[in-house]
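Report on the structure
Spelled out, the chains give:
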Amino acid sequence: MTAPLTPPHQPRPHDPWQAPPSGSHAVPGGPEPLDAADRAAELKQGAVVAALLTVAGVALGLLWLWLAPRVPLVSDETAVFLKNSEGEEAIGADGTFVLLGLAFGLVSAAAVFLCRRRGGIPLVVGLALGGLLGSLLAWGIGTWLGPTSDVVAHAREVGKGVTFDAPLKLHAVGAAILAWPIAAMIVHLGLTALFGPRDPEPEWDAHGEPEPGAAFGADPAAGPASWPGATAEKGSAAGPGSAGGRGPDDGGTAEERR
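Rules used throughout
- Residues numbered from 1 in each chain as written.
- Predicted model: local features only at pLDDT ≥ 70, side-chain atom pairs only at ≥ 80, totals over all residues.
- Heavy atoms only, no water.
- Helix = DSSP H or I, 4+ residues; strand = E, 2+ residues; numbered from the N terminus.
- Contact = heavy atoms within 4.5 Å.
- Areas by Shrake-Rupley, 256 points an atom, 1.4 Å probe, with all protein chains shown as cover.
- Pairing = 2+ DSSP bridges.
- Core = buried A, V, L, I, M, F, W, Y, C linked by side-chain atoms within 4.5 Å.
- Buried < 20%, exposed > 50% of the residue type's maximum accessible area, 1.4 Å probe, protein only.
- Phe/Tyr/Trp six-rings, centres within 6.5 Å; stacked < 30°, edge-to-face > 60°.
- Salt bridge = Lys/Arg side-chain N within 4 Å of Asp/Glu carboxyl O.

**Here's the deal with the overall build of the protein chain**
Secondary structure summary: the protein chain contains 8 helices and 3 strands in total. Reading the secondary structure of the protein chain in the N-to-C direction produces α-β-β-α-α-α-β-α-α-α-α. Taking the contacts inside the protein chain whose residues are at least 6 apart along the sequence as the reference set, 75% of them involve residues at least 24 apart. Element-wise, carbon and sulfur atoms account for 64% of the exposed surface of the protein chain, whose accessible area totals about 16700 Å².

And the structure:
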């Protein structure tokens, strides 16, 4: 003697792998896919950010030329020597450029986030590319407007024993050039993670399943009875032997229970 089983065509309750009934739809409110116009607008914004940061490299180059320490040189008409052989002015130029690059990265990332809180890959790429091009432009402006790179001719011009400035240059070129774009990407990522807009989360019931009214567009007051086959499940949920409204222990002969 075996107990009656649930018909195979009826879904088991709270089955996470059960496909939703026909005609149901997912909960709205997730991230909407971008169309061609939105993608074109984001690409345009990224290009504008890259162009603005590249132009801002002029300000970085001028600040570096103004704030970087000078390396004093002196000539005896036969050779050129460092006036202070133990000075740290040479590495001071690199440190000044790095600090300025970090400050420009912080300011540019904060400005882009305030103008476009939603973020996006084109904006991040624009920040990185603009910071890189701006750093390269600043490096070129600083070395071009700084002291001449022809040290021998400059030493002959100023004369013997006269102190003059060495050319302004970077020794750790890679670290100095990448300071601005790396700082901009990190700061923008942190601001987006902390203060960026959040997508609405779906509502779940006590069993870890979406609410019937929210997930499948049904009336929440109808409850689980709005599922197809729910009425059949209610009839079969009465237990074994429910066909006559009497269970196996309600009396009756063994033949009837079979």
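**Section: the environment of K44**
Note that K44 resides in helix α1 (residues 36-67). A C-alpha to C-alpha distance of 9.2 Å links K44 and L123, two positions 79 residues apart in sequence.

**Structural notes on the sheet that holds strand β2 (residues 80-82)**
Here we have 3 strands laid out as an open sheet, ordered β2-β1-β3, and antiparallel in their pairing. Strands with a single pairing partner mark the edges of an open sheet, and in this sheet they are β2 and β3 (164-165). Taken together, the 2 bridges between strand β1 (residues 72-75) and β3 define a ladder with antiparallel strand orientation. When the bridges of β3 are listed, L73 appears paired with F164.

**A few points about the side chain of H188**
Its place among the elements puts H188 in helix α5 (residues 173-195). Ignoring anything within four residues of it in the chain, the contact list for H188 reads A109, V112, F113, G119, V124 and L127.

**Details of the nonpolar core**
Among the nonpolar cores identified, the biggest contains 21 residues, and L60, W64 and F97 are the most heavily contacted of them. With residues up to four places along the chain from it excluded, the contact list for W64 reads A93, T96, F97, L100, A138, W139, G142, T143, L168, K169 and L170. In terms of nonpolar packing, the next biggest core, distinct from the first, is built from 5 residues, V71, L73, F164 and A166 among them.

**Considering the packing of aromatic side chains**
For the structure shown, the criterion picks out 2 aromatic pairs. Considering the side-chain rings of W64 and F97, the 5.1 Å spacing of their centres and the 85° angle between planes classify their relative orientation as edge-to-face. Taken together, the residues W64 in helix α1 and F97 in helix α2 (residues 89-115) connect sequence positions 33 residues apart. Just as W64 is buried, F97 falls in that class too. The interplanar angle of 65° and the centroid separation of 5.3 Å between the aromatic rings of F104 and W180 together place this pair among those described as edge-to-face. In this pair, F104 is assigned in helix α2 and W180 in helix α5, connecting sequence segments 76 residues apart. Comparing F104 with W180 shows no difference in burial state: the two are buried.

**Overview of the pattern of salt bridges**
What the rule picks out here adds up to 1 salt bridge. Its salt-bridge partner being R116, residue E42 comes within 3.7 Å of it at the nearest N-O pair. On the criterion of sequence distance, the pair formed by E42 in helix α1 and R116 in the loop between α2 and α3 (121-145) is long-range, its members being 74 residues apart. Under the relative-accessibility criterion, E42 is labelled buried at 10%.

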